[in-house]
Amino acid sequence: MTKLLRSHFYRLFHSGILLVALLVILAVDLFFSSRCPVTTTNMYELPRLTTMGQFMSYAENSTMSVSTAKAFFKKRGQLEESDATDLIGVFQDVHPYQFRWVLSSRQGLLLIPLIFAVVFLALDFDRRSFNNALYIGHSRSSVFFAKLIFIFVVGFLINLIGICALTGIFAGTVYSRLPAGYVWSRLALHALSDLALMAPPLLAVCLLRKTVLAAAFTVVYDLVLRFTTLIPMTAKDMDIWAQGGNMTPTLLWSLGFLLVSIAVSYVVFRKVKLS
């Protein structure tokens, strides 16, 4: 299995087109995920989740003072206390709240690992790439788990990079102002829960074994994740991500999704006809 795993990573790191495509998709998704839609009802208001530039522009247009800014954020429930002496400092004191907001909402980054899973798994079914490994003596188990580990490792890292970048956009100072154990444990949990949410398409790919069908299912699945709360991990609950918040339910749901999807996918892969 080690040789198969190395070959998967070799294939990734020596494919310039694929690496560039992943970076482009990540950049585009981050761009759109960090946009706040402006409508006729909020064009004169500051969005609940905002960047430093948006806040400073709003503060300048409304001639907001430091004390006014503190009262503004306290009224919205985004700030408890602040000793800041300038507007930038006041906004940075709001970052812990924005950090929890970012973590509690799915900002669309799931599309990347889902596409990644389809490209690296569904295409292998179409091209019968699995057969080559079987013909040279590798067992189905080693073929399956090598591909699984590869997809999940890369998917987790992409998710982690995405949520870290999004945190940097909206709440960059939490990396220095909050305990590192708290910040990184929540970022890792978020990446793990995103990884768990990409596990069902893995099962779908094994069942469907056709790139077009798997891609169609993946798109529908991603839309369900983005715009509904049918799956418990997608429910917006900021208390989970607070310091001292109960991470256990999210962790258990994530592990459960992963284990069930892996187990069923493995059974299907063991029985499916690959030729």
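Quick caveat: nothing in here was measured; it's all calculated off a predicted structure.

A. Broad picture of the nonpolar core. Core analysis: the biggest nonpolar cluster contains 37 residues, and F55, F73, F99 and L187 have the highest contact counts within it. Breaking this core down by element, the ones donating at least two residues are α2 (16–33), α3 (52–61), α4 (66–75), α5 (87–93), α6 (95–104), α9 (140–171) and α11 (180–197). No other element matches the six residues that α9 contributes to this core. Discounting chain neighbours no more than four positions away, the residues touching F55 are L46, T50, M64, A69, F73, L87 and F91. Counting 28 residues, the second largest nonpolar core, distinct from the first, contains V143, L148, L192 and L258.

B. Inspection of the environment of I262 at higher detail. With respect to the helices and strands, I262 occurs in helix α14 (residues 248–271). A sequence separation of 63 residues divides I262 from A199, and the C-alpha atoms of the two residues are 7.4 Å apart. Ignoring any residue separated from it by four or fewer positions in sequence, one finds I262 in contact with F144, F145, L148 and F152.

C. Summary view of the pattern of salt bridges. Evaluated as defined, the whole model comprises two salt bridges. Between K74 and E81 there is a salt bridge, with its nearest N and O atoms 3.8 Å apart. Judged by relative accessible area, which is 37%, K74 ranks as partly exposed. With a closest N to O distance of 2.9 Å, D93 and R177 form a salt bridge. In this pair, D93 is assigned in helix α5 and R177 in helix α10 (residues 174–177), connecting sequence segments 84 residues apart. On the accessibility criterion, R177 (35% relative accessible area) is partly exposed.

Rules behind the numbers
- Residues numbered from 1 in each chain as written.
- Predicted model: local features only at pLDDT ≥ 70, side-chain atom pairs only at ≥ 80, totals over all residues.
- Heavy atoms only, no water.
- Core = buried A, V, L, I, M, F, W, Y, C linked by side-chain atoms within 4.5 Å.
- Buried < 20%, exposed > 50% of the residue type's maximum accessible area, 1.4 Å probe, protein only.
- Helix = DSSP H or I, 4+ residues; strand = E, 2+ residues; numbered from the N terminus.
- Contact = heavy atoms within 4.5 Å.
- Salt bridge = Lys/Arg side-chain N within 4 Å of Asp/Glu carboxyl O.

Keep in mind these values describe shape, not function.
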